[in-house]
Structure formats: structure tokens, C-alpha cells
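One letter stands for each residue in the lines below.
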Amino acid sequence: MRVLVVDDEVRLADGLRRGLEAEGFAVDVAGNGVDGLWYAREHDYDAIVLDLMMPGMSGYVVCRTLRAEGDWTPILMLTAKDGEWDEVEGLDTGADDYLVKPARFAVLLARLRALVRRGGRERPTVLELGDLRLDPAARRVERAGAPIELTAREFAVLDFLLRHRDAVVSKLEVLDGVWDSAFEGDPNIVEVYVGRLRDKIDRPFGRASIATVRGAGYRMSADG
């Protein structure tokens, strides 16, 4: 899942980014409302975590603008404003949920997952390719009935490849779908994770479902 965090508190936003990435999310961070609105317009997100009181443009205005433009991405308002009328205004503006700072990360994560289940883009419950099976809700992968342990990032890369099965995807497309848009590292990190996946989901089972297409990227197919 891809999430946008809009908050001018640098330490809090960075903590949210690291925590969500550890759970397998791809996270973009904007430090003010103007940048947050730009990110939301330019990219597709499964959910947005939005502060209210920010320089340039408040969270209220960001939310109201997105809704007026027909963007119904689930929005979780995360703010220090704890008055009941603040919450009423936030929800009436178009937010889907409202959480007061300081909020426990586990609670925020649960709220975020609930929002995506209720209002995110429709996705298949289980992804299958031959005898390979990935269950996003249970975060479980198995092949020929045998469970396979994957890290959060490995799971996210496999999820992306399965959703684009039988199509050729480039390294940059994988980076854009799994990492955040500000990633400035070596694009060859994709090769590293594809290699790890092959070692876990293919070679032990005598399969070759992830093929390298020279000069283009990768293709995942049932027959290898």
C-alpha cells in the first residue's frame, strides 16, 4: 500500500515514515499543505495521513480541495487539535477518520488499514499464479501449499510483480510502486530483492516464475 504523510513536524513525520515502511508500506512525506496537495494530485495513494495546522495551507483546505476535485482517497486526520468541534469540522470537511496526537503507532496503523479496507481501490483478496499464492490481508505467501517467509519489502515487491503478472515491468516501475518517490538510492536494489525472491519462491520448488527481460525489466508468469 502506498501512503502519503502530510505533516510539518519533521521528527513525527520521519517516525511515521520509518514505522510504516517497516510494515511494508511505500511512503511519501510532505512538510506542508501546499506540497501535500501537489503530491496527492500527482500520485495515486491508498490513504493519506493529514495534519491540520500547517504552514502554507491547512489540512482542512487540503482535504476540502481534494474532495471538491473528486479525489476520494481515504484521509486520516492526525492532529493536536482535540476539541470535539475540531473533530466535527474535520469529518465534515471530508476526512474519513480523526486521530489526536500523540497517538500510539499501533492504533494509527490499525485505523489506516481499516480505512484502506473500507475505501481503498478495489483489489483481489488473494493473488494466485500457478501454485503460488499471496494473501495480502493475512500477509501470507505459500507455494504448493508450503508457507514461505518474506520480509515486508520482499512481500511488497512480490505483490507488485503479481499484480502486473505476464507484463514486463522496469526497475523504475518497481521502485515507483514499492519504494517512495523520493528514493535516491541505486535502482539496482530491485535486482537484489528479485534475487532474494527467486531464492525463496522459485529455486526451492524448481520454478522460474520471475524472468529477466534483457534491457526491459522483469516478467512474472506461471510457466516461467
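Refer to the structure presented above.
Residues numbered from 1 in each chain as written. Predicted model: local features only at pLDDT ≥ 70, side-chain atom pairs only at ≥ 80, totals over all residues. Heavy atoms only, no water.

Asks: What's the story with the pattern of salt bridges in this structure? I'm lost.
Replies: Side chains carrying opposite charge are able to pair once their charged atoms draw close together. All told, the structure shown has 20 salt bridges when counted by the stated rule. For R207, the salt bridge identified is with D131, shortest N-O distance 2.3 Å. Taken together, the residues R207 in the loop between α8 (189–202) and β11 (210–213) and D131 in the loop between β6 (127–129) and β7 (132–135) connect sequence positions 76 residues apart. Residue classification places D131 among the partly exposed positions, given a relative accessible area of 26%. Among the salt bridges present, the one from K171 reaches E191, with a minimum N-O distance of 2.3 Å. A residue pair is termed long-range when its members are at least 10 positions apart, and K171 in helix α7 (residues 171–178) and E191 in helix α8 qualify at 20 residues. Since its relative accessible area comes to 40%, E191 is described here as partly exposed. If you follow the salt bridges from partner to partner, you end up with D7, E9, D51 and K101 in one network. (Salt bridge = Lys/Arg side-chain N within 4 Å of Asp/Glu carboxyl O. Helix = DSSP H or I, 4+ residues; strand = E, 2+ residues; numbered from the N terminus. Buried < 20%, exposed > 50% of the residue type's maximum accessible area, 1.4 Å probe, protein only.)

Asks: Where do I start with unusual backbone geometry in this structure?
Replies: Negative phi values dominate among residues other than glycine, just as trans dominates among peptide bonds. A cis geometry characterises the amide bond from K101 onward to P102, with omega recorded as -10 degrees. Take P102: it is sitting in the loop between β5 (97–100) and α5 (105–119). Phi is positive for A144, close to 50 degrees, though the residue is something other than glycine. Topologically, A144 is positioned in the loop between β8 (140–143) and β9 (146–148). Residue A144 is classed as exposed on the basis of its relative accessible area, which comes to 54%. Although it is not a glycine, D166 adopts a positive phi angle of roughly 70 degrees. Position of D166 relative to the elements: it lies in the loop between α6 (152–163) and β10 (168–169).

Asks: Explain the sheet that holds β6 to me, please; I cannot follow it from the model alone.
Replies: The strands that make up a sheet pair up through hydrogen bonds in the backbone, lying either parallel or antiparallel. Ordered by their spatial adjacency, four strands build an open sheet running β6-β7-β8-β9, and the pairing between neighbours is antiparallel. In this open sheet, the two edge strands, each paired with only one partner strand, are β6 and β9. For this sheet, the mean inter-axis angle between neighbouring strands, taken without regard to orientation, is 20 degrees. (Pairing = 2+ DSSP bridges. Axes fitted to C-alpha atoms, helices over the stretch in contact; angles between N-to-C directions.)

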